[in-house]
Amino acid sequence: MKRTYQLALLSLALVGILIGLDQLKNDEVFVLSRFLLDVVEKAVLVAAIAATANVVLDTRELKAERQGLIEDLDRVRRESDAWRNAARVHVEGLGQAIKQQFQSWKLSEGEADVALLMLKGLTFKEIAGMRGSLETTVRQQATAVYRKSGLASRSELGAFFLEDLLPGKPATVE
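Residues numbered from 1 in each chain as written. Predicted model: local features only at pLDDT ≥ 70, side-chain atom pairs only at ≥ 80, totals over all residues. Heavy atoms only, no water.

J.: Even after reading the chapter, I still don't get the layout of surface pockets, so can you show me in this structure?
T.: Empty space among the atoms can be located by rolling a probe the size of a water molecule over them. In this model, the largest pocket occupies a volume close to 580 Å³. Taken together, 20 residues make up the lining of the largest pocket; nearest its centre are Val91, Leu94, Gly95, Ile98 and Leu116. For the lining of the largest pocket, the secondary structure elements donating two or more residues are helix H2 (32-104), helix H3 (109-119) and helix H6 (154-162). Take the lining of the largest pocket: its biggest share by element is 10 residues, from H2. Split by residue class, the lining of the largest pocket holds 12 nonpolar, 4 polar and 4 charged. (1 Å grid on protein atoms, 1.4 Å probe; cavity = no way out; pocket = protein on both sides within 12 Å on 5 of 7 lines; lining within 4 Å. Points joined across faces, edges and corners; volume = space filled by probe spheres on them. Helix = DSSP H or I, 4+ residues; strand = E, 2+ residues; numbered from the N terminus. Nonpolar A, V, L, I, M, F, W, Y, C, P; charged D, E, K, R; others polar.)

This is the structure in structure tokens:
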């Protein structure tokens, strides 16, 4: 905005000089009130032109930024789709392995649903809302999952399935 004001002031000064020179050139009697009225009139026009130019420049910048964001979003979507497609077989295999483990723990269908949604990171309240049940029911089913699996918490449940899948430094024994 600072450059807009500077340009407007410079333009206003130049317009004032031109108006004054025009009055002198036409051999008119210099009348201060007419001169000031002409300057104000021209100043309003200059300000409108400067504001319009500023809006046009800002709009161009925003359009360029928007286009960049759209391109970034498209790139991320393509990368995400490519990763999902490449990992699909592994993800489906993991899903099947989790289902088999739930069966070996003898989880009921409801308990298995709750355990899977817990693995996905949903809260008990969110799970209850999705399943159309009470939060206390979900908590009871989660307790049954922990009891039947021999695990103590949600983090242990997640670690049971993910610990060996994710790369990391091997534990050192001292």
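J.: So what exactly am I meant to see when it comes to the packing of aromatic side chains here?
T.: Under the counting rule described, the total for this entry stands at 5 aromatic pairs. Arranged with centres 5.0 Å apart and planes meeting at 80 degrees, the rings of Phe160 and Phe161 form a pair that is edge-to-face. Taking the relative accessible area as the measure of exposure, Phe160 reaches 41% and is therefore partly exposed. Here a set of aromatic residues connected by ring pairs shows up, and it is made of Phe102, Trp105, Phe160 and Phe161. Cation over ring: Arg154 sits above Phe124, and NZ or CZ is 5.0 Å from the ring centre. (Phe/Tyr/Trp six-rings, centres within 6.5 Å; stacked < 30°, edge-to-face > 60°. Buried < 20%, exposed > 50% of the residue type's maximum accessible area, 1.4 Å probe, protein only. Lys NZ or Arg CZ within 6 Å of the ring centre and 35° of its normal.)

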